[in-house]
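# Coordinate analysis (summary)
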Amino acid sequence: MGLLDTILGRSKPVRPDLDQLFAVPSAALTLQAATGLVPTGLGSVCFAGVEGSAFARVRQDVRELLDADTVRGGVPVEFSRDAYGYTWLLARQAPEDTAALVNDLHAVNTLLQDGGFGPQLLCSLVGFRDDRGRALALVYLYKRGTFYPFAPVPGGAEKRDNQLELEVRAALGDDLRVEQDLARWFPVWGAPGL
């Protein structure tokens, strides 16, 4: 970072730290104890799609890696595209095996990053629910290296349960690197895995 950057108030971007994802299984235990939210076994990775053979090869590598356990009864990964043109990969594991789900999400992020597509990575999320029907996603912002909670209000309306999000932030402050800038807590309406 140079003098001009300092004068103009620019800051050096945070380097992604994918290993932060490995804190999610212990955070899930804290979350369950504090709020009653339990993992659903669903998680997803969102990235901007890119055309070309190099990206197609990385995408195929991701599919082969995560679908390797389908012969033992595992569920194949699903790719989808949202209304904004972003690609989502949905991974499934047993709800009690959050560590395996996080391993899958980490592997996808790593393959894309190592393939030169790190700038296309947007976020990863892990889904949670409680017995009252509340849903929550712990969203990992790739470019910030931080997490935030996203809790849509049940019923399909695009409204957020801000109270639950703030409750989760307080509960997980010691477990995860929580994004401090609330303006960066973007909604992920209709995200696979939520």
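Before going into details, it helps to say that this report is about the structure given with it. Model, not experiment: these values are computed from the prediction. (Residues numbered from 1 in each chain as written. Predicted model: local features only at pLDDT ≥ 70, side-chain atom pairs only at ≥ 80, totals over all residues. Heavy atoms only, no water.)

### Some points on the environment of L66
Relative to the helices and strands, L66 is located in helix 3 (residues 53-66). It is 8.4 Å that separates the C-alpha atoms of L66 and V108, two residues lying 42 residues apart in sequence. Among residues more than four places away in sequence, those in contact with L66 are V77, L89, D104 and V108. (Helix = DSSP H or I, 4+ residues; strand = E, 2+ residues; numbered from the N terminus. Contact = heavy atoms within 4.5 Å.)

### What about the pattern of salt bridges?
One pass over the full model with this rule turns up seven salt bridges. Put simply, E64 and R57 hold a salt bridge, and the shortest N to O gap is 3.9 Å. A salt bridge links R144 to E179; the shortest N-O distance between them is 2.9 Å. Taken together, the residues span a long stretch of sequence, with R144 in the loop between strand 5 (135-141) and strand 6 (146-150) and E179 in the segment after helix 5 (162-172) at a distance of 35 residues. E179 sits in the buried class, given a relative accessible area of 2%. Beyond isolated ion pairs, a larger network of salt bridges with shared partners links R57, D61 and E64. (Salt bridge = Lys/Arg side-chain N within 4 Å of Asp/Glu carboxyl O. Buried < 20%, exposed > 50% of the residue type's maximum accessible area, 1.4 Å probe, protein only.)

### Examining the nonpolar core
L89 and L176 are the most contacted members of the largest nonpolar core, which totals 50 residues. With residues near it in sequence (within four places) discarded, L89 still touches G43, S44, V45, F47, V62, L66, V77, E78, F79 and V108. (Core = buried A, V, L, I, M, F, W, Y, C linked by side-chain atoms within 4.5 Å.)

### So, the packing of aromatic side chains
Enumeration according to the criterion identifies three aromatic pairs in this entry. Arranged with centres 6.1 Å apart and planes meeting at 20°, the rings of Y148 and W185 form a pair that is stacked. Note that Y148 is positioned in strand 6 and W185 in the segment after helix 5, a separation of 37 residues in sequence. Of the two residues, Y148 and W185, neither departs from the other in class, the shared state being buried. Between F150 and W189, the aromatic rings sit 5.1 Å apart at their centres with planes inclined by 75°, giving edge-to-face as the arrangement. Residue F150 is found in strand 6, and its partner W189 is found in the segment after helix 5; the two are separated by 39 residues along the sequence. Take F150: its relative accessible area is 0%, and that puts it in the buried class. (Phe/Tyr/Trp six-rings, centres within 6.5 Å; stacked < 30°, edge-to-face > 60°.)

### So, the pairing of strand 1 (residues 38-48)
Across seven bridges, the pairing between strand 1 and strand 4 (residues 121-129) is antiparallel. Within the sheet, the bridge partner assigned to V45 lies in strand 4 and is S124. Pairing between strand 1 and strand 3 (residues 86-92): seven bridges, direction antiparallel. Bridging across to strand 3, G43 finds its partner in A91. (Pairing = 2+ DSSP bridges.)

### Regarding helix 5
Since there are 3.6 residues in each turn of an α-helix, residues three or four apart along the chain are aligned in direction. Of the residues making up helix 5, those classed as buried are L164, E165, V168 and L172. All buried residues of helix 5 project into a common sector of 100° when viewed along the axis, lining one side. Seen from the open side of helix 5, the exposed residues pointing more than 90 degrees away from its buried face are Q163 and A170. At its buried positions, helix 5 is contacted by helix 2 (24-35), strand 5 and strand 6. (Arc of directions from axis to C-beta.)

### Describing the sheet that holds strand 5
Here six strands make up an open sheet; going across it, the order is 2-3-1-4-5-6 and the pairing antiparallel. Looking at strand neighbours, the two that pair on one side only are strand 2 (78-81) and strand 6, the edges of this open sheet. Along the sheet, successive strands turn relative to each other by an average axial angle of 25°, direction set aside. Relative to strand 6, strand 5 runs antiparallel, the two being bridged by five bridges. Counted as the bridge partner of V139 is Y148 from strand 6. (Axes fitted to C-alpha atoms, helices over the stretch in contact; angles between N-to-C directions.)

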